[in-house]
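Fold and geometry: a report
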Amino acid sequence: MGFARTCSVTLLGVDGVVVEVQADLEPGVAAFTLVGLPDKSLIESRDRVRAAVVNSGAEWPQKKLTVGLSPASVPKSGSGFDMAVACAVLGAAERIDPKVLADLVMIGELGLDGRARPVRGILPGVLAAADAGYDHVVVPESAAAEAALVPGMSVLGVRSLRQLIAVLTGEPVPDEPPEVDGRADALLAGLCVPGAGFGTGVVPGAEDVHRPDLGDVVGQYAARTALEVAAAGGHHAFLHGPPGAGKTMLAERLPGILPPLTRAQALEVTAVHSVAGILPPGRPLLESPPYCAPHHSATMQSLVGGGNGLPRPGAVSLAHRGVLFMDEAPEFGPRVLDALRQPLESGHVVIARAAGVVRLPAKFLMLLAANPCPCGRYGLVADACDCPSAMVRRYQARLSGPLLDRVDLKVRVEPVSRAELRATGSPGESTKVVADRVREARERALKRYEGTPWHSNGEVPGHELRTRWPAVHGALDVVERDLERGLLSARGLDRVLRVAWTVADLAGHDRPDTTDMASALQLRTGVSRGVPLAEGGRR
């Protein structure tokens, strides 16, 4: 009787679980049994592994073979167990020393010819192995850069099972032909979702693509200020105005003024995109905030996550640490929009299915855009609206009160005038200028919240702001009056206070004063308070 074991990783959402792959050989009729709650793609690994072993020059054992995946109660999915299963079988057949395999984690698919193929979720799989105390991981060579992002992990990248056998047995490592340059990598074809482009915020070579600049926006000073405040404090925003005023143009420029991701945040974002299968080849680490703009026909499962079996990340998770832009927001289904309320508060999504419960990260900056009515001309002086008043009310009521109550900034985007379009003066501030100011405001907030679990003004509970970091005496009077009149909810008051701190940080004030509070209240309610809105908090 021969026995060997090694380890691999299965993914539950974006979290990995280390799985022990055990192989047992017994005398009897040649058979291959795979146990441990495998899915269809994993059951098919029996044929892939057998062909890969034989085509790699090793002998397939002609005995009763049982491969167990432990813990058996955890569902296993995907083709990433192929290398671990093949090595465990060869270990049980004494082609490889079983002691060498015991402390290794192997993640990768095998082709019928023995080539090592990458799979989705390499980064979260290696992170799970590191958390479980493993130091050595074996992955396909094309995924080695992604696996090497995990600190303290020794990564071995191989091109084929033949190379892996040689390394584990101490034999000379055979040369394998590299992939042909200048054509699409067939090994990565299964990792990319067709059509995944600007809608998900991930495009190959994004650093080389011309990024939209905020200086291209003509006029719209109030909306530009709202974007700056949203980026500096992590506040959700709502832009409403007629078609063609520039709402989408402004939204596409918001990711450019957000601070770059920290190392920990970059690993979080990369792990989500790796599991979703939209991590571009050649870019193992995403260092800039993602931008996700789903179409208004998106289903709830595509937005918050779902699918057959265990749920996969949706748009809110793909926008983690970045921007989720909901263009034509009233056209989304009411249930789809209301599904955003829980992740807006908690920063994650908990999806319960019959196959299990999955927790997906969803800490994003939401930007809503909407027309005032179906025809888009409601409220314009020069162009009368054709929509009946009842239709206008129904259209505007599609955005529920509880959802809008979670939005910190509400700004009307006015049509651009002819004079603004033909102006030859200096354009508005560029993305770089605004991004520098946003970064300075974030640094002030980080210094203030040092030693606390919060990093931006949008995260701090209102009770903490009122007690530990109070505003200037008397600055809250105008906000409290609106609360007494029923114009603001208790949540709304807390959000006004958070926005006021962001306005103060942009202006360089130590504490929010009356003018900062009035600016925040104007941005929150969309009602003019007599305070001119200008970029950078300049007054």
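Rules and cut-offs
Residues numbered from 1 in each chain as written. Predicted model: local features only at pLDDT ≥ 70, side-chain atom pairs only at ≥ 80, totals over all residues. Heavy atoms only, no water. Helix = DSSP H or I, 4+ residues; strand = E, 2+ residues; numbered from the N terminus. Buried < 20%, exposed > 50% of the residue type's maximum accessible area, 1.4 Å probe, protein only. Contact = heavy atoms within 4.5 Å. Areas by Shrake-Rupley, 256 points an atom, 1.4 Å probe, with all protein chains shown as cover. Lys, Arg positive; Asp, Glu negative; His and termini not counted. Charge placed at Lys NZ, Arg CZ, Asp CG, Glu CD. 1 Å grid on protein atoms, 1.4 Å probe; cavity = no way out; pocket = protein on both sides within 12 Å on 5 of 7 lines; lining within 4 Å. Points joined across faces, edges and corners; volume = space filled by probe spheres on them. Nonpolar A, V, L, I, M, F, W, Y, C, P; charged D, E, K, R; others polar. Pairing = 2+ DSSP bridges. Salt bridge = Lys/Arg side-chain N within 4 Å of Asp/Glu carboxyl O. Axes fitted to C-alpha atoms, helices over the stretch in contact; angles between N-to-C directions. Parallel < 35°, antiparallel > 145°, perpendicular 65-115°, else oblique. Left-handed = near helix turned anticlockwise from the far one by under 90°.

The next thing to look at is the overall build of the chain. Within the chain, the secondary structure is distributed over 22 helices and 16 strands. Taking the principal axes of its C-alpha atoms as reference, the chain extends roughly 85 × 50 × 45 Å. Counting over 539 residues, the chain shows a buried share of 51%. Sequence separation of 24 or more characterises 72% of the internal contacts of the chain that already satisfy a separation of 6 or more. About 23,900 Å² of surface is accessible on the chain, with carbon and sulfur atoms providing 53% of the total. Side-chain charges of the chain comprise 57 positive and 60 negative groups, with the mean position of each set lying 5 Å from the other.

With that settled, the discussion passes to the layout of surface pockets. If you add up the space inside the largest pocket, you get close to 980 Å³. Breaking the lining of the largest pocket down by element, the ones donating at least two residues are α14 (341-346), α18 (431-448) and α21 (490-507). Within the lining of the largest pocket, the residues separate by chemical class into 13 nonpolar, 10 polar and 12 charged.

So, about the sheet that holds strand β11 (residues 291-292). Across the sheet, which stays open at both edges, the 5 strands sit in the order β11-β12-β15-β10-β16 with parallel pairing between neighbours. In this open sheet, the two edge strands, each paired with only one partner strand, are β11 and β16 (409-412). For strand β10 (residues 237-240) and β16, the ladder comprises 4 bridges, and the chain directions are parallel. From the neighbouring strand, A237 faces β16, where its bridge partner is L409.

By the definition in use, this model includes 30 salt bridges. The residue R341 makes a salt bridge to D338 at a minimum N-O spacing of 3.6 Å. Owing to a relative accessible area of 27%, R341 belongs among the partly exposed residues under this scheme. Between D482 and R485 there is a salt bridge, with its nearest N and O atoms 3.8 Å apart. Three or more residues joined by partner-sharing salt bridges are found here, namely E345, D405, R406, D408, R491, R495 and R524.

Regular strands place side chains that alternate from one sheet face to the opposite one. Pairing analysis gives 7 bridges linking strand β2 (residues 15-26) to strand β4 (residues 64-70), with the strands arranged antiparallel. Bridge pairing in β4 links V21 to L69. Taken together, the 5 bridges between strand β3 (residues 31-35) and β4 define a ladder with parallel strand orientation. If you follow A31 over to β4, its bridge partner there is K64.

Two elements in contact, helix α2 (residues 45-55) and helix α3 (residues 82-92), have axes whose closest approach is 10 Å; the angle formed by their N-to-C orientations is 60 degrees. It follows that α2 is oblique to α3 by the angle criterion. Along this stretch, α2 crosses α3, giving a crossing that reads as right-handed. Residues S45, R48, V49 and V53 of α2 form the contact with α3, whose participating residues are D82, V85, A86 and L90. Looking at the contact of α2 with α3, its residues break down into 5 nonpolar, 1 polar and 2 charged.

Bringing the pairing of strand β8 (residues 136-140) into the picture now. In terms of burial, β8 is a largely internal element, 4 of the 5 residues being buried. Here strand β5 (residues 104-106) pairs with β8 via 3 bridges, running parallel. Counterpart to V105 in the pairing with β8 is V137. Relative to strand β9 (residues 154-158), β8 runs parallel, the two being bridged by 5 bridges. Its bridge partner being in β9, H136 is matched across the sheet by S154.

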